[in-house]
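Structural overview
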Amino acid sequence: MIDSILLVDDENLFHLVFEDSCSLLDITLSLRSLNSSDEAAKLFAEWQKDPSGRPECVFVDLNIIGSSFDGIELIRKINFEYGNHVVIGIISSSNEPGEQAKAVQAGAQFWIIKSDEIEPRLEEFKKDYDGYKNRTSPFKVYK
Amino acid sequence: MILEKNTKKQLIELFKSKNIGLEGNIVKLIDSDGDEDFAAYLKQCIEKDTSTRRKRLEMTKQVQSQNAELTKLNQENQKMMEELQGTLKNVEESKATFEAQNIELNAWKDENLRLTEELKVEMVKAEQAKIAAENAKTEAENNLDIVQKKTQFELINNIVKVALYVIIGVGTITTGIYVYSIAMKVDTDIIGSTWSNMFGILLTNSFSIVGTILGVKYGATPNKEEK
């Protein structure tokens with residue numbers, strides 16, 4: 001089970017879906033959801049000074065409406081500005097190879113495609129999680 | 001997490017009496033510590049929580065799906081509205097163009113009417129000018145005719161005068177010679193016959209001249225029917 005997860009997504013309904021799915025699949029007991037990448041960047045800047053409370057894994061939406069920058073830029077900031085100590089990836093309805101290549105360059109470890117049936121993908125991700133944690137698993141797209 | 005025995009008992013009684021149990025992920029963190037009743041209680045709470053979460057997940061997904069559909073419909077509506085606005089704009093532009101063309105056509109129509117009126121006036125003027133020219137022509141012809149006739153009459157007068165002078169002169173001379181011969185009692189047989197012949201010829205010529213003059217006069221005058 002993952003110790004703690006942070007979800008950054010502008011869609012509040014998906015927060016509920018993700019929370020229930022994680023609970024039903026026993027993925028994590030601690031989930032925090034944010035609406036904007038600016039807020040997430042601010043928290044990671046604080047966690048750089050005091051890491052207590054920092055999540056173990058971060059799921060970031062690709063296009064976060066109402067934010068200054070998109071999910072790929074947030075991943076780049078978390079990895080290269082605030083310290084690379086979390087498992088991080090994209091969760092989006094998009095399946096663009098170009099965007100996925102950019103995400104890899106920014107340091108994303110996985111890409112989960114959002115759809116009505118998110119649970120099987122999260123279950124598969126849960127199985128692969130240890131590989132992401134110890135940085136042995138390559139970038140993977142969960143379709 | 002291990003709870004005290006009394007707390008466990010109270011939680012189990014609350015669940016039995018009011019069906020209120022622990023919810024959420026905290027249930028997964030509580031250890032029954034060998035208490036079978038509390039383990040059963042925790043299992044029931046987890047099952048209840050799972051069931052509730054499953055229902056909520058399904059409902060949330062439905063709402064999410066409906067939202068996505070509504071968003072799509074909204075986007076389609078917006079697209080249609082934009083298309084309609086575009087069409088409306090085109091129609092308005094066409095209307096403006098038509099109105100401009102209509103104004104231009106009306107201006108052309110007014111100009112044509114004005115030109116037609118001017119043409120009519122000019123035609124009337126031209127007709128009047130034509131009539132005036134014809135009148136002038138007729139007048140000129142009449143004047144020319146009059147001048148010609150006047151010239152002819154003058155010429156005829158001159159001819160008649162000269163002819164009369166010649167006739168009178170010849171007559172007077174012949175008659176004088178004949179009278180002188182009679183007075184001198186000279187033989188007048190020859191001169192008498194000559195005088196009578198001469199006189200007859202002169203009379204004949206005089207009538208011939210008068211007839212010619214009258215013929216010229218009435219021949220040059222147009223008939224009333226021809227007028």
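See the structure shown above.
The residue numbers shown here count from 1 along each chain, following its written sequence. Here every chain gets a letter starting at A, and every ligand a number starting at 1, in the order they are written. Selection of residues for local features in this predicted model requires a pLDDT of at least 70, selection of side-chain atom pairs for listing and counting requires 80 or more, and totals for whole chains, interfaces and linings are taken over all residues.

Focus: the overall build of chain B
Under the DSSP-based scheme used, a helix requires at least four consecutive residues in state H or I and a strand at least two consecutive residues in state E, with every element numbered from the N terminus. For chain B, the helix and strand inventory stands at four helices and zero strands. The N-to-C order of helical and strand elements in chain B reads α-α-α-α. A residue is called partly exposed when the number of other C-beta atoms within 10 Å of its own lies between 12 and 20, exposed at 12 or fewer, and buried at 20 or more, with C-beta atoms placed from the backbone. Considering chain B as a whole, with its 227 residues, one finds that 4% of them fall into the buried category. Throughout, a pair of residues is in contact if the C-beta atoms placed from their backbones lie within 7 Å. In chain B, 58% of the contacts between residues at least 6 apart in sequence involve partners at least 24 apart.

So, the nonpolar core
By our criterion, buried Ala, Val, Leu, Ile, Met, Phe, Trp, Tyr and Cys residues that link up through C-beta atoms within 7 Å make up a nonpolar core. Core analysis: the biggest nonpolar cluster contains 41 residues, and Val8(A), Val58(A), Val60(A) and Ile75(A) have the highest contact counts within it. Excluding residues within four positions of it along the chain, Val58(A) makes contact with Leu6(A), Val8(A), Ile78(A), Val86(A) and Ile88(A).

Re the sheet that holds strand β3 (residues 57-60) of chain A
Residue and element names in this part refer to chain A. We treat two strands as partners when DSSP finds at least two bridges between them. Spatially, the six strands line up as an open sheet ordered β2-β1-β3-β4-β5-β6, and their pairing is parallel. Either end of the sheet is taken by a strand with one partner, and the two such strands are β2 (31-34) and β6 (140-142). Averaged over all neighbouring strand pairs, the angle between strand axes comes to 20°, with direction disregarded. Here four bridges tie strand β1 (residues 5-8) to β2, and the two strands are oriented parallel to one another. Following the sheet pairing, Leu-7 is matched in β2 by Ser-33. Helix axes are fitted only over the stretch in contact, all axes being lines through C-alpha atoms; the angle between N-to-C directions runs from 0 to 180 degrees.

Quick look at the interface of chain A and chain B
Opposite the ten residues of chain A that make contact, chain B presents 14 residues. Under the scheme applied, nonpolar residues are Ala, Val, Leu, Ile, Met, Phe, Trp, Tyr, Cys and Pro; charged residues are Asp, Glu, Lys and Arg; polar residues are all the others, including Gly. Classifying every residue of the side of chain A that touches chain B by side-chain character gives six nonpolar, two polar and two charged.

Some thoughts on the environment of Ile112(A)
Residue and element names in this part refer to chain A. Along the chain, Ile-112 falls in strand β5 (residues 110-113). Overall, Ile-112 belongs to the partly exposed group, with 19 C-beta atoms counted inside 10 Å. A C-alpha to C-alpha distance of 9.6 Å links Ile-112 and Asp-61, two positions 51 residues apart in sequence. Discounting residues that sit within four places of it in the chain, Ile-112 has contacts with Gly-89, Ile-91, Arg-121, Phe-125 and Tyr-142.

Regarding the pairing of strand β4 (residues 87-92) of chain A
Residue and element names in this part refer to chain A. Most of β4 sits out of view: six of its six residues are buried. The alternating pattern of β4 places Val-87, Gly-89 and Ile-91 and Ile-88, Ile-90 and Ser-92 on opposite faces, both of which are buried. Where β3 and β4 come together, four bridges link them in parallel fashion. Bridge assignment links Phe-59 to a residue of β4, and that residue is Gly-89. The handedness of a crossover follows from its direction of travel: if, with the strands pointing away from the viewer, the path from the first strand over the helix to the second runs clockwise, the crossover is right-handed. Crossover β3 to β4 through helix α3 (residues 71-80) is right-handed. In terms of strand pairing, β4 meets β5 through four bridges, oriented parallel. Bridge assignment links Ile-91 to a residue of β5, and that residue is Ile-112.

Remarks on helix α1 (residues 5-18) of chain B
Within an α-helix, residues lying three or four positions from one another point in the same direction, as the helix has 3.6 residues per turn. Between the first and last residue of a helix there are one fewer steps than residues, each counted as 1.5 Å, and that sum is the expected span. With 14 residues, α1(B) ought to run about 20 Å at 1.5 Å a step, and its terminal C-alpha atoms sit 20 Å apart, in line with that. The element α1(B) is barely covered by neighbouring structure, given that only one of its 14 residues are classed as buried.

Some points on the environment of Gln64(B)
Relative to the helices and strands, Gln64(B) resides in helix α3 (residues 36-183). For Gln64(B), a count of 17 C-beta atoms within 10 Å puts it in the partly exposed group.

Points about unusual backbone geometry
Residues and elements named next belong to chain B. Despite not being glycine, Asp-33 shows a phi value in the positive range, around 55°. Note on placement: Asp-33 falls in the loop between α2 (26-29) and α3. The backbone of Lys-185 shows a phi angle near 55°, a positive value even though the residue is not glycine. Examined against the element boundaries, Lys-185 turns out to sit in the loop between α3 and α4 (189-220).

Describing the packing of α1(B) against α3(B)
Residues and elements named next belong to chain B. α3 packs onto α1 with a crossing angle of 50° between their chain directions and a minimal axis gap of 10 Å. Viewed along their axes, α1 and α3 adopt a mutual orientation that is oblique. Two packed elements cross with a definite hand, and for α1 against α3 that hand is left-handed. Packed against α1, whose contacting residues are Lys-8, Leu-11, Ile-12 and Phe-15, the element α3 presents Asp-37, Phe-38 and Tyr-41 at the interface. Here the residues of the contact of α1 with α3 sort into five nonpolar, no polar and two charged. An angle below 35 degrees is read as roughly parallel, one above 145 as roughly antiparallel, one from 65 to 115 as roughly perpendicular, and any other as oblique. Handedness of a crossing is defined here by the sense of rotation of the near helix relative to the far one, left-handed for an anticlockwise turn of less than a right angle and right-handed for a clockwise turn.

A short note on the packing of α3(A) against helix α4 (residues 97-106) of chain A
If you want to describe how two helices pack, look at the angle between their axes and the distance between the axes. Residues and elements named next belong to chain A. Running from N to C, α3 and α4 cross one another at 15°; their axes reach a closest spacing of 8 Å. In terms of their interaxial angle, α3 and α4 are classed as roughly parallel. Helix-helix and strand crossings are classified by hand; for α3 and α4 the assignment is right-handed. Contacts between α3 and α4 involve Ile-72, Ile-75, Arg-76 and Asn-79 from the former and Glu-99, Lys-102, Ala-103 and Ala-106 from the latter. Each residue belonging to the contact of α3 with α4 can be placed in one class, and the counts come to four nonpolar, one polar and three charged.

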